[in-house]
Each structure stands twice: as C-alpha cells, then as structure tokens.
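Coordinate inspection notes
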Amino acid sequence: MKERISKLFNERFGTKGQFYASAGRINLIGEHTDYNDGFVFPGAIDKYIMACINVNGTDRVRVYSADMDAYCEFGLNEADAPAEQWARYIFGVCREVIKRGFVVRGFDVVFAGNVPLGAGLSSSAALESCFAFAMNDMFNDNKIEKFELALIGQSTEHNYCGVNCGIMDQFASVFGKKDCLMRLDCRSLEYEYFPFKADGYKLVLLDSKVKHELVDSPYNKRRQSCERVAATLGVKSLRDADMAMLEAAKDRISEEDFMRARYVIGEKQRVLDVCDALQRDDFETVGRCMYETHNGLSKDYEVSCVELDYLNDIARECGVTGSRIMGGGFGGCTINLVKDELYDNFIATAKAKFNERYGHEPVVYPVVISDGAHKCED
Ligand code: ADP
Ligand code: MG
C-alpha cells in the first residue's frame, strides 16, 4: 500500500511526504456496556488507513482519496466544510485540532486503506485517528495528549459527520498496541493493557452482510430499561449493581427490564473474567465468556437476529472456542476465536451453510491485534 500511495502522491503533488497510519478495531467482549458505565475490551487490528502527507505552504488542504479515486480541496475555516462525506472526516479533525488551540497548516495528502467500510471495524475511527496523529506530529510537536486525539476523532463524528458515537472506537485506534487488548473503564476512562498472544488461535470476523432496520428505536429502549432498573435499585448506573441486588428487587422490575439488566450486569463481570483469564493464557475461559455474551445478547438483551444466531450455532458445531455478535446487534459481524487446526473447516462450513440458508456467503475477515496510530518509519 505504501508504494502505491507514494507513487500517487508524487504524480499528483510532485513532492514526497511523511507516512502515517492508524487502524480499525475489534471489541473482544463488553457490548452495550459503554452507556452503563461499564467496561469495553477493544484492540486495534491489522487493517488500517495510511496517509502520505506534506506541508504545502498555503492555508489549504488538498486531499486525494485513492480508494474512492476522488479529489477534494478545502480551507481550514469553519465555513470551508467540504460536501463530500469522506472529506468531512479529515476537515473535522483539522477543525477540532484548531478549536482546541492547536495548529493546522495547509497540507497535501494521498490516503488509502483496507478497513472494510461500514462492517463494524470502524474505518471512520481509523481515518480520524490517522489524521489526528499526523496533525499532532507535523504541526504541534506531539503536544496534544493521546486521549485528546481520541476525543478529537469522536468530536469529528459528532460535529461533522452526524454520528453520535462513544469513545471506544477512537480510543482503540489511537491507543492500540500489537498483541494487546485494552480494557477501558467507560466511567473513569482509565484503561489497562492486557496481553493477547493467542498462539495456536486465530481471530476471525464473519460479516453476515445483513442489517435489520428496526422501527421502534431499540437502542433507546434498551437504554431506558437500564436507566429504569438503575433508578429502582437506587444506583447511578448498572455499573454499581450486582446480581444479588437485581434478584432482591425482582418483584419491582418488569420482566423485560429484568432480562436487560441481567445481561448488562453479567457482561460487566465477563469482561473482568476475560481479563483475568488472559493473564493465564486461558483461552477456553475467554471463549466460554464470548458464548455467554452471545447468549445474553440474544436471549436477555434481544439484539440478535436469526442470521447471527445461525453463525453462532455453526461456530459451536465446528468446535470454535468462542463466538459472539460484535457491535450493537441486529446484523453485522460475529467475532470468533478459533483453534488453528479448526479454522479452515469452520470457514468452509460457515460459508456453505449460511449460503444455503440465506442465499449469500458471510464475508470473512481474519484479524491480528496490531498497533494503532503511528508514524511509519522509512
Ligand atoms: P465504519 O463502521 O467502517 O466506521 P462509517 O460509516 O462510520 O463505517 O465510516 C465509513 C466512512 O468513512 C466511509 O463512508 C468514508 O466516508 C470514510 N472512509 C473510511 N475508509 C475510507 C477510505 N479507505 N477511503 C475513503 N474514505 C473512507
Ligand atoms: Mg464509524
């Protein structure tokens, strides 16, 4: 990719630039926990956005997207916002850097990537953190704190792209480290690295390619259930609750709310259990927790769908160590932890069976836990 970008950069701008990259992410466990002040457990992956950048001595940004074969030019004032969605991610990052009192000057850039778009691997966070990192390194002597770089990406989504996202994706993309997952406490924003050296295992995502559009805003309803139960239990959020408290209040909580809370409280514990297990390289426990999460999301939280449940069943039948929905649900990917020797059979079986039932194969994304935002050395 580097050669291709380098060549395109030279053809278009006649100079050489500096290379920066950042990555997409997976979340091993910790789903629907962020808005309950719980934990998430993401890691950056070996799918990334790479940009070649050079200052151009003007007050304008000239950017070529190699993947879209599209060019865009914009100034750095609020009124200069480009119309193209892909360019708004870059403009937004520049603006958010400037808004925080830091510097961005005109630059030329060619960028490309291999994070699948809209598949739940957060190509947008990869794009934002690549540019946030680059702006910090090129114009600000790396004076912007790393966490602020993640917040710059998040604000870009909020203020320039119309996506009201949490901090996990940008956090993972900025802080990602090879062979490490990161437990982020969504309440305190403290984080801790845990080794993830899954020798003998592969991580693979299966994209069902389905997205069920639901009419009655299921996310808001889930949030409301969680808030109601927290209020009934007299705690700030479900982070502060445990199963005993929930059981004790059972007759004051609707059956549906009870199920929602049971999932969230269980999930908080599962993230901690997985972190523990990883310190012993106990991947059997990790996998069991992933299946439990899937079950909870499917039966208690009710955010799965037949296609994802089917992929999960196939994983079980193939002896896959762990498998679960990744992301909000109602479609998208499963994430699977598979022993090397079972991998080929699992992929072939999943493709064939899923195709037979739903008329298309799931798309397969093997991933390796890798570095997040960084400058590429020559
Ligand atoms: P995701 O789940 O992958 O983050 P989003 O819809 O949030 O999905 O972000 C995808 C958008 O990010 C694309 O529509 C595009 O505007 C931008 N993007 C991501 N990767 C690239 C790329 N390689 N080249 C150009 N734009 C990209
Ligand atoms: Mg996104």
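Note that the structure is a prediction, hence the values are computed from the model and not measured.

On to the nonpolar core, then. By size, the foremost hydrophobic cluster in this structure holds 80 residues, and its most contacted members are Ile26, Phe107 and Phe131. By residue number, the principal contributor to this core is helix H3 (residues 123–139), which donates nine residues. Both domains that furnish three or more residues to this core are identified here as domain 1 (2–196 + 370–375) and domain 2 (201–367). Here phenylalanine 107 is in contact with Ile53, Asn54, Val55, Asn56, Arg60, Val61, Arg62, Ile90, Cys94, Phe131, Met135 and Phe139, once residues within four sequence places are set aside. The next biggest cluster of nonpolar side chains, apart from the first, holds 38 residues, and it includes Val264, Ile265, Leu297 and Ala350.

Split into domains, the protein comes out as domain 1 (2–196 + 370–375) and domain 2 (201–367). The distance between the C-alpha centroids of domain 1 and domain 2 comes to 28 Å. Facing 30 residues of domain 1, the contacting portion of domain 2 comprises 43 residues. Taking both sides of the interface into account, the surface hidden between domain 1 and domain 2 amounts to around 2900 Å²; carbon and sulfur atoms contribute 67%. Looking only at domain 1, the three residues that lose the most surface to domain 2 are Ile29, Glu31 and His32, adding up to 22% of its buried area. Between the two partners, domain 1 and domain 2, sit three salt bridges. Between arginine 239 and aspartate 185 there is a salt bridge, and its shortest N-O distance comes to 2.9 Å. At the boundary of domain 1 and domain 2, one finds 17 residue pairs in polar contact (both at pLDDT 80 or more). Contributing elements (two or more residues each) for the side of domain 1 that touches domain 2: strand E1 (18–27), strand E3 (42–55), strand E7 (180–185) and strand E8 (191–195). Counted by class, the side of domain 1 that touches domain 2 contains 14 nonpolar, eight polar and eight charged residues.

Moving on: the side chain of aspartate 257. By the secondary structure assignment, aspartate 257 is in helix H8 (residues 255–279). With a relative accessible area of 6%, aspartate 257 lands in the buried category. For aspartate 257, the residues in contact, after removing those within four places along its chain, are Ser225, Arg228 and Val229.

This part is about the sheet that holds E7. Pairing within the open sheet is antiparallel, and its three strands lie in the order E2-E7-E8. Edge positions in the open sheet fall to strand E2 (39–40) and E8, since each of these has one partner strand only. In the sheet, E2 pairs with E7 via two bridges, with the strands oriented antiparallel. Bridge pairing links phenylalanine 39 to aspartate 185 in E7. With respect to the sheet, helix H5 (residues 168–175) is in contact with E2, E7 and E8, its orientation differing from that of E7 by roughly 140°. Together, E2, E7 and E8 form the strand contacts of H8, whose direction differs from that of E7 by roughly 145°.

The rules behind each value
Residues numbered from 1 in each chain as written. Chains lettered and ligands numbered in written order. Predicted model: local features only at pLDDT ≥ 70, side-chain atom pairs only at ≥ 80, totals over all residues. Heavy atoms only, no water. Core = buried A, V, L, I, M, F, W, Y, C linked by side-chain atoms within 4.5 Å. Buried < 20%, exposed > 50% of the residue type's maximum accessible area, 1.4 Å probe, protein only. Helix = DSSP H or I, 4+ residues; strand = E, 2+ residues; numbered from the N terminus. Domains from an automatic or database assignment. Contact = heavy atoms within 4.5 Å. Buried area = accessible area lost by both parts, 1.4 Å probe. Salt bridge = Lys/Arg side-chain N within 4 Å of Asp/Glu carboxyl O. Polar contact = N/O pair within 3.5 Å; in protein donor to acceptor, adjacent residues only side chain to side chain. Nonpolar A, V, L, I, M, F, W, Y, C, P; charged D, E, K, R; others polar. Pairing = 2+ DSSP bridges. Axes fitted to C-alpha atoms, helices over the stretch in contact; angles between N-to-C directions.

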